[in-house]
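Below, each chain spelled out in residue letters.
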Amino acid sequence: MNVFVIGATGFVGGALARHLTARGHLVTGLARTDVAAVALAADGITPVVADLNSRRSATIDAALQADVVVYTAQAVQTFVEEARAMSYPLAAANPGNVMISFCVEDAATGTVTVLEQWASQEALDRHVATPEVTALLTKWGPRTRNEVRRFQADETDPRA
């Protein structure tokens, strides 16, 4: 079967595309960059370098040639915008918040960096327990992989 995977460079789409390729299907994957295209090709997936917002003809051509089109792309920017709109005011109202920031690290792979600093674990727990944060995590949680890296900040510079 000829399958076109939109989102093939992402977590879910990539796993699906590799799974289908391993089972002998002809898989084409949408890649936004040449670097992403090289990675897809290394996995045996035929890359189409395009973006859903530009070069639509390449995307449409690939879709028309496929037996099946699978859409697994996440709106990374939408997640970041929603998280910022909800979290920034809540964090500002929480006296235990020192800093919170969201940024898209790599849109092609769907990597988002969230940097937070809290005065205490209790302040962070209060933030996460709000209905707004709970709703955001409920909405996006099933579509994300959460890798928490925790660092204890103090006034000592380890490079000194």
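Everything numeric in this text was worked out from a predicted model, so none of it was measured. (Residues numbered from 1 in each chain as written. Predicted model: local features only at pLDDT ≥ 70, side-chain atom pairs only at ≥ 80, totals over all residues. Heavy atoms only, no water.)

**Student:** What exactly am I supposed to notice about the overall build of the protein chain here?
**Tutor:** The secondary structure content of the protein chain amounts to 6 helices and 6 strands. Ordered by position from N to C terminus, the α and β elements of the protein chain give β-α-β-α-β-α-β-α-β-β-α-α. Scored against the burial criterion, the 160 residues of the protein chain give a buried share of 28%. Sequence separation of at least 24 residues holds for 49% of the intrachain contacts in the protein chain that already meet a minimum separation of 6. (Helix = DSSP H or I, 4+ residues; strand = E, 2+ residues; numbered from the N terminus. Buried < 20%, exposed > 50% of the residue type's maximum accessible area, 1.4 Å probe, protein only. Contact = heavy atoms within 4.5 Å.)

**Student:** Would you explain the pairing of strand E3 (residues 46–49) in this entry?
**Tutor:** The side chains of a regular strand alternate between both faces of the sheet. Summarising the sheet, strand E2 (residues 26–31) and E3 pair through 4 bridges and their orientation is parallel. By the bridge assignment, Gly-29 is partnered in E3 with Pro-47. Remark: the E2/helix H2 (residues 34–42)/E3 crossover connection has right-handed handedness. (Pairing = 2+ DSSP bridges. Right-handed = clockwise from strand over helix to strand, strands pointing away.)

**Student:** Teacher, can you tell me more about the nonpolar core here?
**Tutor:** Within soluble globular proteins, side chains that are nonpolar tend to cluster in buried spots. Of all hydrophobic cores here, the largest spans 12 residues; its members are Phe-79, Val-80, Ala-83, Met-86, Ala-91, Ile-100, Phe-102, Trp-118, Ala-123, Val-133, Leu-136 and Trp-140. Broken down by secondary-structure element, the contributors of at least two residues to this core are helix H4 (76–93), strand E5 (97–106) and helix H6 (131–140). Per-element accounting of this core gives the leading share, 5 residues, to H4. One finds Val-27, Ala-36, Leu-40 and Ile-45 within the second-largest nonpolar core, a separate group that totals 11 residues. (Core = buried A, V, L, I, M, F, W, Y, C linked by side-chain atoms within 4.5 Å.)

**Student:** Looking at this structure, how should I read the packing of aromatic side chains?
**Tutor:** Note on aromatic pairs: each is described by the distance of the centres and the angle between the planes. Applying the stated criterion to the full structure yields 2 aromatic pairs. Centroid distance Phe-79 to Trp-140: 5.3 Å. Interplanar angle 70°. Geometry classified as edge-to-face. In this pair, Phe-79 sits in helix H4 while Trp-140 sits in helix H6, placing the two residues 61 residues apart along the sequence. Grouping residues by exposure puts Phe-79 and Trp-140 together as buried. (Phe/Tyr/Trp six-rings, centres within 6.5 Å; stacked < 30°, edge-to-face > 60°.)

**Student:** Help me out: how do you make sense of the sheet that holds E2 in this one?
**Tutor:** Adjacent strands of a sheet pair through backbone hydrogen bonds, lying either parallel or antiparallel. Reading across the sheet, the 4 strands line up as E3-E2-E1-E4 and stay open at both edges, with parallel pairing between neighbours. In this open sheet, the two strands that pair with only one neighbour each are E3 and strand E4 (68–71). Between one strand axis and the next, the sheet turns through 25° on average, direction left out of account. (Axes fitted to C-alpha atoms, helices over the stretch in contact; angles between N-to-C directions.)

**Student:** Help me understand the pattern of salt bridges in this model?
**Tutor:** Charged atoms that come close allow side chains of opposite charge to pair. By the definition in use, this model includes 1 salt bridge. Of the charged contacts in the structure, one is a salt bridge between Glu-82 and Lys-139, with a shortest N-O distance of 2.8 Å. With Glu-82 in helix H4 and Lys-139 in helix H6, the pair connects residues that are 57 residues apart, well separated along the chain. You can call Glu-82 partly exposed: its relative accessible area is 26%. (Salt bridge = Lys/Arg side-chain N within 4 Å of Asp/Glu carboxyl O.)

**Student:** Is there a simple way to think about the environment of Ile-45 in this case?
**Tutor:** When you line up the elements, Ile-45 lands in the loop between H2 and E3. As a C-alpha pair, Ile-45 and Ala-17 span 28 residues in sequence and 7.2 Å in three-dimensional space. What Ile-45 contacts, discounting residues up to four positions off in sequence, is Ala-17, Arg-18, Thr-21, Val-27, Thr-28, Gly-29 and Leu-40.

**Student:** Please explain H2 as it appears in this structure.
**Tutor:** An α-helical turn contains 3.6 residues, so a residue and the one three or four places further along point in the same direction. Every buried residue of H2 is listed here: Ala-36, Ala-37 and Leu-40. Seen end-on, H2 carries its buried residues on one side only, within an arc spanning 100°. Exposed residues pointing more than 90 degrees away from the buried face of H2 are listed as Asp-34, Val-35, Val-38 and Ala-42. Buried-residue contacts for H2 involve E2 and E3. (Arc of directions from axis to C-beta.)

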